[in-house]
Amino acid sequence: MVRRIVLLGPPGAGKGTLARQLADDLGVPHVATGDMLRAEVADGTDLGRRAKKIMDSGELVPDEIVVEMAVERLSRADAAAGWILDGFPREVEQAIDFERQFAGAVPDTALYMRVDREEVIRRITGRRVCPRGHVYHVESNPPRTEGVCDEDGLRLTQRDDDTQEVVAKRLEVYVEEIGPLVTHYDELGVLRRLDASGHADAVHGRALELVSK
Ligand code: ADP
Ligand code: AMP
């Protein structure tokens, strides 16, 4: 079974959802640069303040910041046996910098999650999160009590960047960046296409088949 996995796909494809499942299966950490940046925002750090403005506009945070965050995180002991990367690398320059700065940065598998645009928009607009990062969907994965996190009882909200306007920008950025990134991992021989439509458990099953090969 492979242990180092990069998840590629549009915002709202279900990367975080699948990453948590695979991290559990494989016993490796789920590393999401978006979650790390939101933690900086929540902590009110200088980086968080700078990043918040960019994130709320739907643009990408500068490469050197996210590459440094990822390298630092993956250098910790718990990532020695592998990792699931979610939302990073986001453009080919990040992948190249990552490979320059981190030995073993080429994943065993890059799963390229394919979902149609309408479904992505349904998933993003219905997403609800709690302040500790637990993720729900109003239709496909609702909490037991509306608006309240099952895990910690905290109030669920929409992410600030899950508004219609910002989502349109994030999808535009994604479309610009994904082609060269997919080519890069294809040339390295690690790209696998994953049909990410349908129920999350079905997507998880298909992903497990691909990473077991
Ligand atoms: P990403 O990390 O790619 O932005 P998430 O994992 O946060 O995406 O998923 C986006 C939303 O879609 C969340 O509300 C999640 O609960 C929901 N979701 C994830 N996978 C599926 C699926 N296969 N079918 C329906 N909804 C899903
Ligand atoms: P995500 O949680 O992956 O949807 O990311 C939310 C936002 O965080 C993005 O729209 C970017 O502004 C920022 N971000 C997350 N990961 C990266 C990355 N690898 N490169 C640049 N910006 C990122």
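Reading guide: rules and limits
- Residues numbered from 1 in each chain as written.
- Chains lettered and ligands numbered in written order.
- Predicted model: local features only at pLDDT ≥ 70, side-chain atom pairs only at ≥ 80, totals over all residues.
- Heavy atoms only, no water.
- Helix = DSSP H or I, 4+ residues; strand = E, 2+ residues; numbered from the N terminus.
- Buried < 20%, exposed > 50% of the residue type's maximum accessible area, 1.4 Å probe, protein only.
- Lys, Arg positive; Asp, Glu negative; His and termini not counted.
- Charge placed at Lys NZ, Arg CZ, Asp CG, Glu CD.
- Near = heavy atom within 4 Å.
- Polar contact = N/O pair within 3.5 Å; in protein donor to acceptor, adjacent residues only side chain to side chain.
- Nonpolar A, V, L, I, M, F, W, Y, C, P; charged D, E, K, R; others polar.
- Pairing = 2+ DSSP bridges.
- Axes fitted to C-alpha atoms, helices over the stretch in contact; angles between N-to-C directions.
- Areas by Shrake-Rupley, 256 points an atom, 1.4 Å probe, with all protein chains shown as cover.
- Parallel < 35°, antiparallel > 145°, perpendicular 65-115°, else oblique.
- Left-handed = near helix turned anticlockwise from the far one by under 90°.
- Contact = heavy atoms within 4.5 Å.

The helix and strand tally for the protein chain stands at eight helices and seven strands. C-alpha extents for the protein chain along the principal axes are approximately 45 × 40 × 35 Å. Counting all 213 residues of the protein chain, 47% fall into the buried class. For the protein chain, the centre of its 29 positive side-chain charges and the centre of its 39 negative side-chain charges are spaced 2 Å apart.

Below, the discussion takes up the environment of valine 31. Tracing the backbone shows valine 31 in strand 2 (residues 30–32). When the C-alpha positions of valine 31 and aspartate 86 are compared, they lie 6.1 Å apart, and in sequence the two are 55 residues distant.

A word on the site of ligand 1. Close contacts around ligand 1 come from 18 residues, with Lys15, Thr17, Arg127, Tyr136 and Gly198 the closest. Threonine 17 places a side-chain nitrogen or oxygen 2.6 Å from an oxygen atom of ligand 1. Among the elements of the structure, helix 1 (15–26), strand 6 (135–137) and helix 8 (200–212) are those that each provide at least two residues to the shell around ligand 1. Split by residue class, the shell around ligand 1 holds seven nonpolar, eight polar and three charged.

Attention now moves to the sheet that holds strand 7 (residues 191–195). Taken in spatial order, the five strands line up as 2-3-1-4-7 in an open sheet, and their pairing is parallel. Each of the sheet's edge strands pairs with one partner strand only, and the pair in question is strand 2 and strand 7. Across the sheet, the mean angle from the axis of one strand to that of its neighbour is 25°, orientation sign disregarded. Bridge count between strand 1 (residues 4–8) and strand 3 (residues 83–86): four bridges; the pairing is parallel. Note that in strand 3 the partner of arginine 4 across the bridge is tryptophan 83.

A few words now on the site of ligand 2. Of all residues adjacent to ligand 2, which total 16 residues, the nearest are Thr33, Arg38, Glu59, Gly87 and Gln94. In this structure, threonine 33 approaches ligand 2 through a side-chain N or O atom, which is 2.8 Å from a nitrogen atom. One of the backbone nitrogen or oxygen atoms of glycine 87 is found 2.9 Å away from a nitrogen atom of ligand 2. Notes on ligand 2: free accessible area 480 Å², of which the protein chains cover 96%. For the shell around ligand 2, the leading source of residues is helix 2 (residues 33–43), giving four residues.

Between helix 2 and helix 3 (residues 46–57), the least distance of the axes is 7 Å, while the angle of their chain directions is 120°. Taken together, the axis directions place helix 2 and helix 3 in an arrangement best described as oblique. Two packed elements cross with a definite hand, and for helix 2 against helix 3 that hand is left-handed. On the side of helix 2, the interface is formed by Gly34, Leu37, Arg38, Glu40 and Val41, while helix 3 contributes Leu47, Gly48, Ala51, Lys52 and Met55. Classifying every residue of the contact of helix 2 with helix 3 by side-chain character gives five nonpolar, two polar and three charged.

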